[in-house]
Amino acid sequence: MYKQIEQALKDVDAKNAPDQEKIRAILKRYAAEEIGLDEAYYDLLEDDLIPMPQRCALSARIPQTADDEIRLKEMIRSKLS
């Protein structure tokens, strides 16, 4: 989940303008703690802004630490500010 969100952030400039705005809006809401990580992830999936994971790639969710989430939010803030 983290990796897909990081990849969306890295690729945001390569998307068309409407998709860029959607990605930015979702990630900014996440970084501002208006929504949680799961909601941001599912919003990106629902709008086809990140690829749906392949069934064979599904695995047990790897627990993330608070530091991982802080790092991701900082990455979003620095890229989108």
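Structure's up top.
Remark: helix α2 (residues 17-31) packs on helix α4 (residues 66-80), axes separated minimally by 9 Å, with the N-to-C direction vectors making an angle of 130 degrees. Our classification of the angle between α2 and α4 gives oblique. Crossing hand, α2 versus α4: left-handed. Here Arg24, Leu27, Lys28, Tyr30 and Ala31 of α2 lie close against α4, whose contacting residues are Glu69, Leu72, Lys73, Ile76, Arg77 and Leu80. Looking at the contact of α2 with α4 residue by residue, the class counts come to 6 nonpolar, no polar and 5 charged.

What follows covers the packing of aromatic side chains. Within this structure, the stated rule accounts for 1 aromatic pair. With centroids separated by 5.4 Å and ring planes inclined at 70 degrees, the aromatic side chains of Tyr41 and Tyr42 adopt a geometry described as edge-to-face. Judged by relative accessible area, which is 7%, Tyr41 ranks as buried. Positioned over the ring face of Tyr30 is Lys73, at 5.1 Å from the centre of the ring.

Rules behind the numbers
- Residue numbers restart at each chain and count upward from 1, following the sequence in its written direction.
- For a predicted model such as this one, the threshold for reporting local features is a pLDDT of at least 70, and the threshold for listing and counting side-chain atom pairs is 80 or more; totals across whole chains, interfaces and linings nevertheless cover every residue.
- As a rule here, side-chain values come from all non-hydrogen atoms in the structure, and water together with hydrogens is ignored.
- Note on definitions: angles span 0 to 180 degrees between N-to-C directions of axes, and those axes are lines fitted to C-alpha atoms, for helices only across the stretch in contact.
- For helices the rule is a DSSP run of H or I covering at least 4 residues; for strands it is a run of E covering at least 2, with both sets numbered from the N terminus onward.
- Angles below 35 degrees are treated as roughly parallel, those above 145 as roughly antiparallel, those between 65 and 115 as roughly perpendicular, and all remaining angles as oblique.
- The sense of a crossing depends on the near helix, which, turned anticlockwise from the far helix by less than a right angle, makes the crossing left-handed and, turned clockwise, makes it right-handed.
- Two residues qualify as a contact provided that any one of their heavy atoms is within 4.5 Å of a heavy atom in the partner residue.
- Note on residue classes: Ala, Val, Leu, Ile, Met, Phe, Trp, Tyr, Cys and Pro are nonpolar, Asp, Glu, Lys and Arg are charged, and everything else, Gly too, is polar.
- We call Phe, Tyr and Trp rings a pair once their centres come within 6.5 Å, taking the six-membered ring for Trp, and we label the pair stacked below 30 degrees between planes, edge-to-face above 60, and tilted otherwise.
- Under the scheme applied here, a residue whose accessible area is under 20% of the maximum for its type counts as buried, over 50% as exposed, and between as partly exposed, the area being computed with a 1.4 Å probe on protein chains only.
- Put simply, a charge is over a ring when the Lys NZ or the Arg CZ is close to the ring centre, within 6 Å, and near the line of the ring normal, within 35 degrees.

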